[in-house]
Amino acid sequence: MKFHLDEKIWLIASFGVIIGMMLFTGYQTFVLGMGPPSGMETIDPQKVDVTAPFDEPGVYEIGENEYEVVMTLQLFSFTPNNIEIPAGSTVHFTMTSKDVTHGIQVAGTNINAMVMPGHIQRITQKFDETGEYLVLCNEYCGTGHQFMATTITVK
Ligand code: CUA
(Lines give C-alpha, C1' and ligand atoms only; values in the text may rest on other atoms or scores of the structure.)
Protein backbone atom coordinates (compact mmCIF):
# COMPACT_ATOMS: atom_id res chain seq x y z
CA MET A 1 0.00 0.00 0.00
CA LYS A 2 1.25 3.41 -0.95
CA PHE A 3 0.42 6.69 0.73
CA HIS A 4 0.67 10.10 -0.75
CA LEU A 5 2.77 12.54 1.17
CA ASP A 6 -0.23 14.71 2.15
CA GLU A 7 -2.05 11.59 3.45
CA LYS A 8 0.95 10.77 5.62
CA ILE A 9 1.04 14.29 6.93
CA TRP A 10 -2.66 14.16 7.88
CA LEU A 11 -2.32 10.72 9.44
CA ILE A 12 0.61 11.82 11.56
CA ALA A 13 -1.13 15.07 12.48
CA SER A 14 -4.37 13.36 13.55
CA PHE A 15 -2.59 10.72 15.63
CA GLY A 16 -0.46 13.48 17.06
CA VAL A 17 -3.59 15.35 18.19
CA ILE A 18 -5.00 12.18 19.84
CA ILE A 19 -1.73 11.38 21.63
CA GLY A 20 -1.38 15.02 22.65
CA MET A 21 -4.90 15.09 24.13
CA MET A 22 -4.26 11.86 26.04
CA LEU A 23 -1.02 13.21 27.46
CA PHE A 24 -2.71 16.48 28.41
CA THR A 25 -5.67 14.73 30.09
CA GLY A 26 -3.28 12.40 31.91
CA TYR A 27 -1.22 15.36 33.07
CA GLN A 28 -4.35 17.12 34.39
CA THR A 29 -5.64 13.99 36.15
CA PHE A 30 -2.46 12.63 37.71
CA VAL A 31 -0.12 15.62 38.03
CA LEU A 32 -2.61 18.42 38.71
CA GLY A 33 -5.09 16.18 40.57
CA MET A 34 -8.04 17.40 38.50
CA GLY A 35 -9.62 13.97 37.99
CA PRO A 36 -13.14 13.18 39.13
CA PRO A 37 -13.45 12.41 42.86
CA SER A 38 -13.34 8.64 42.54
CA GLY A 39 -11.67 8.19 45.94
CA MET A 40 -14.68 9.51 47.83
CA GLU A 41 -15.15 8.32 51.38
CA THR A 42 -18.27 6.28 51.92
CA ILE A 43 -20.46 5.49 54.92
CA ASP A 44 -23.47 3.26 55.53
CA PRO A 45 -26.35 5.78 55.52
CA GLN A 46 -28.41 3.50 57.80
CA LYS A 47 -25.70 3.59 60.47
CA VAL A 48 -24.72 7.26 60.54
CA ASP A 49 -25.84 7.60 64.18
CA VAL A 50 -23.47 4.85 65.31
CA THR A 51 -20.55 5.59 62.98
CA ALA A 52 -17.74 7.87 64.20
CA PRO A 53 -17.46 10.79 63.96
CA PHE A 54 -21.15 11.22 63.14
CA ASP A 55 -22.26 9.50 66.35
CA GLU A 56 -21.31 12.80 68.03
CA PRO A 57 -22.06 15.71 65.72
CA GLY A 58 -20.78 19.03 67.02
CA VAL A 59 -18.18 21.77 66.90
CA TYR A 60 -14.73 20.67 68.03
CA GLU A 61 -11.69 22.88 68.59
CA ILE A 62 -8.79 21.00 67.01
CA GLY A 63 -6.10 23.68 67.06
CA GLU A 64 -5.44 27.37 67.42
CA ASN A 65 -8.28 29.08 65.54
CA GLU A 66 -9.05 25.74 63.95
CA TYR A 67 -12.30 23.85 64.31
CA GLU A 68 -13.89 20.71 62.99
CA VAL A 69 -17.63 20.72 62.50
CA VAL A 70 -19.01 17.19 62.33
CA MET A 71 -22.40 17.66 60.73
CA THR A 72 -25.30 15.49 59.69
CA LEU A 73 -27.95 16.68 57.29
CA GLN A 74 -31.41 15.21 57.45
CA LEU A 75 -35.01 16.03 56.57
CA PHE A 76 -35.15 19.04 57.24
CA SER A 77 -32.32 20.19 59.46
CA PHE A 78 -28.61 20.56 60.05
CA THR A 79 -27.02 19.04 63.18
CA PRO A 80 -25.46 20.85 64.96
CA ASN A 81 -27.68 23.86 64.58
CA ASN A 82 -26.68 27.51 65.08
CA ILE A 83 -22.92 27.07 65.08
CA GLU A 84 -20.78 29.73 66.78
CA ILE A 85 -17.07 30.23 66.10
CA PRO A 86 -14.58 33.05 66.71
CA ALA A 87 -13.56 35.32 63.82
CA GLY A 88 -10.41 34.20 62.03
CA SER A 89 -11.21 30.53 62.47
CA THR A 90 -10.51 27.90 59.90
CA VAL A 91 -13.35 25.40 59.93
CA HIS A 92 -13.18 21.90 58.53
CA PHE A 93 -16.67 20.62 57.80
CA THR A 94 -17.15 16.85 57.75
CA MET A 95 -20.66 16.07 56.56
CA THR A 96 -22.99 13.32 55.51
CA SER A 97 -26.69 12.84 54.93
CA LYS A 98 -28.88 10.51 56.95
CA ASP A 99 -31.57 10.17 54.30
CA VAL A 100 -31.76 11.85 50.90
CA THR A 101 -29.46 14.11 48.92
CA HIS A 102 -29.17 17.55 50.50
CA GLY A 103 -27.01 20.53 49.67
CA ILE A 104 -25.12 23.02 51.75
CA GLN A 105 -24.62 26.60 50.73
CA VAL A 106 -23.26 29.23 53.09
CA ALA A 107 -24.07 32.78 52.00
CA GLY A 108 -21.03 35.01 51.69
CA THR A 109 -18.59 32.10 51.28
CA ASN A 110 -17.63 29.68 48.53
CA ILE A 111 -19.28 26.76 50.34
CA ASN A 112 -21.71 25.17 47.92
CA ALA A 113 -21.82 21.38 47.76
CA MET A 114 -24.04 18.36 47.58
CA VAL A 115 -24.24 16.14 50.65
CA MET A 116 -25.34 12.66 49.67
CA PRO A 117 -26.34 9.65 51.74
CA GLY A 118 -23.54 7.10 51.68
CA HIS A 119 -20.82 9.68 51.12
CA ILE A 120 -18.71 11.90 53.35
CA GLN A 121 -18.27 15.46 52.16
CA ARG A 122 -15.37 17.56 53.45
CA ILE A 123 -15.00 21.31 52.99
CA THR A 124 -12.60 23.73 54.65
CA GLN A 125 -13.46 27.40 54.98
CA LYS A 126 -11.85 30.30 56.83
CA PHE A 127 -14.23 32.79 58.46
CA ASP A 128 -12.54 36.18 58.82
CA GLU A 129 -15.51 38.54 58.96
CA THR A 130 -17.82 38.59 61.94
CA GLY A 131 -21.52 38.19 61.30
CA GLU A 132 -24.33 35.74 60.86
CA TYR A 133 -23.87 33.46 57.90
CA LEU A 134 -27.01 31.90 56.51
CA VAL A 135 -26.71 28.16 55.84
CA LEU A 136 -29.16 26.77 53.32
CA CYS A 137 -29.98 23.43 51.78
CA ASN A 138 -29.82 24.01 48.05
CA GLU A 139 -30.90 20.60 46.78
CA TYR A 140 -34.64 19.99 46.70
CA CYS A 141 -35.18 17.31 49.33
CA GLY A 142 -38.91 17.25 50.00
CA THR A 143 -41.81 19.24 51.35
CA GLY A 144 -39.75 20.90 54.11
CA HIS A 145 -36.85 21.83 51.85
CA GLN A 146 -37.45 25.56 52.07
CA PHE A 147 -37.30 25.40 55.89
CA MET A 148 -33.97 23.58 55.94
CA ALA A 149 -31.66 26.34 57.11
CA THR A 150 -29.48 27.37 60.02
CA THR A 151 -26.80 29.95 60.79
CA ILE A 152 -23.10 30.11 61.52
CA THR A 153 -22.33 33.00 63.85
CA VAL A 154 -18.80 34.37 63.65
CA LYS A 155 -17.87 36.70 66.51
CU1 CUA B 1 -32.38 19.39 52.41
CU2 CUA B 1 -33.31 20.62 50.63
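Every chain begins its residue count from 1, and numbering advances along the sequence as written. At least 70 in pLDDT is required for a residue's local features to be given in this predicted model, at least 80 for side-chain atom pairs to be given and counted, and no such filter applies to totals for whole chains, interfaces and linings, which use all residues. Just so you know, side-chain values use all the structure's heavy atoms and leave hydrogens and water out.

Visitor: Give me the confidence of the model for the protein: which residues, what numbers.
Guide: On average, residues of the protein score 94 in pLDDT, and 97% of them are at 70 or above. Across the interface, the model reports ipTM at 0.99; the global pTM reads 0.77. For every residue, the predictor assigns a confidence score, pLDDT, that lies between 0 and 100.

Visitor: I'd love a proper account of the packing of aromatic side chains, names of residues and values included.
Guide: What describes a pair of aromatic rings is the distance from one ring centre to the other and the angle between the planes of the rings. Side-chain rings of Phe, Tyr and Trp, where Trp is taken by its six-membered ring, are said to pair if the distance between their centres is within 6.5 Å; with planes under 30 degrees apart they count as stacked, over 60 as edge-to-face, and otherwise as tilted. With the rule as written, the count across this model stands at two aromatic pairs. Ring geometry for phenylalanine 93 against phenylalanine 127: centres 6.4 Å apart, planes inclined by 70°, an arrangement best described as edge-to-face. A residue pair is termed long-range when its members are at least 10 positions apart, and phenylalanine 93 in strand β5 (residues 89-97) and phenylalanine 127 in strand β8 (residues 121-127) qualify at 34 residues. Each member of the pair, phenylalanine 93 as well as phenylalanine 127, is classed as buried. Think of it this way: any DSSP run of H or I at least four residues long counts as a helix, any run of E at least two long counts as a strand, and we number them from the N terminus. Note on exposure labels: buried denotes an accessible area under 20% of the residue type's maximum, exposed denotes more than 50%, and partly exposed covers the range between, all computed with a 1.4 Å probe on protein chains only.

Visitor: Tell me about the side chain of histidine 102, and name the residues and values.
Guide: If you trace the backbone, histidine 102 turns up in strand β6 (residues 102-106). Definition of a polar contact: a pair of N or O atoms within 3.5 Å, with one able to donate and the other able to accept a hydrogen when the atoms are protein atoms, and with sequence-neighbouring residues admitted only if both atoms are side-chain atoms. Within the structure, histidine 102 has its side chain in polar contact with the side chain of aspartate 99 (distance 2.7 Å). We call two residues in contact whenever any of their non-hydrogen atoms come within 4.5 Å of each other. Each residue touching histidine 102, except ones within four places of it in the same chain, is listed here: Leu73, Gln74, Leu75, Ser97, Ala113, Met114, Val115, Cys137, Glu139, Cys141 and Met148.

Visitor: I'd like a description of the sheet that holds strand β9 (residues 131-136), backed by residues and values.
Guide: In this analysis, strands are considered paired if DSSP registers two or more bridges between them. Strand order in the open sheet formed by five strands is β4-β10-β9-β6-β7, and the pairing between neighbours is mixed. With partners counted over all chains shown, the strands left at the sheet margins are β4 (83-85) and β7 (112-115), one partner each. Adjacent strand axes in the sheet meet at a mean angle of 20°, parallel and antiparallel pairs treated alike. In this sheet, strand β10 (residues 149-154) lies alongside β9 in antiparallel orientation, the contact comprising six bridges. Within the sheet, the bridge partner assigned to leucine 134 lies in β10 and is threonine 151. An axis is simply a line fitted to the C-alpha atoms; with a helix, the fit covers only the stretch in contact. Between two such axes, the angle follows the N-to-C directions and lies from 0 to 180 degrees.

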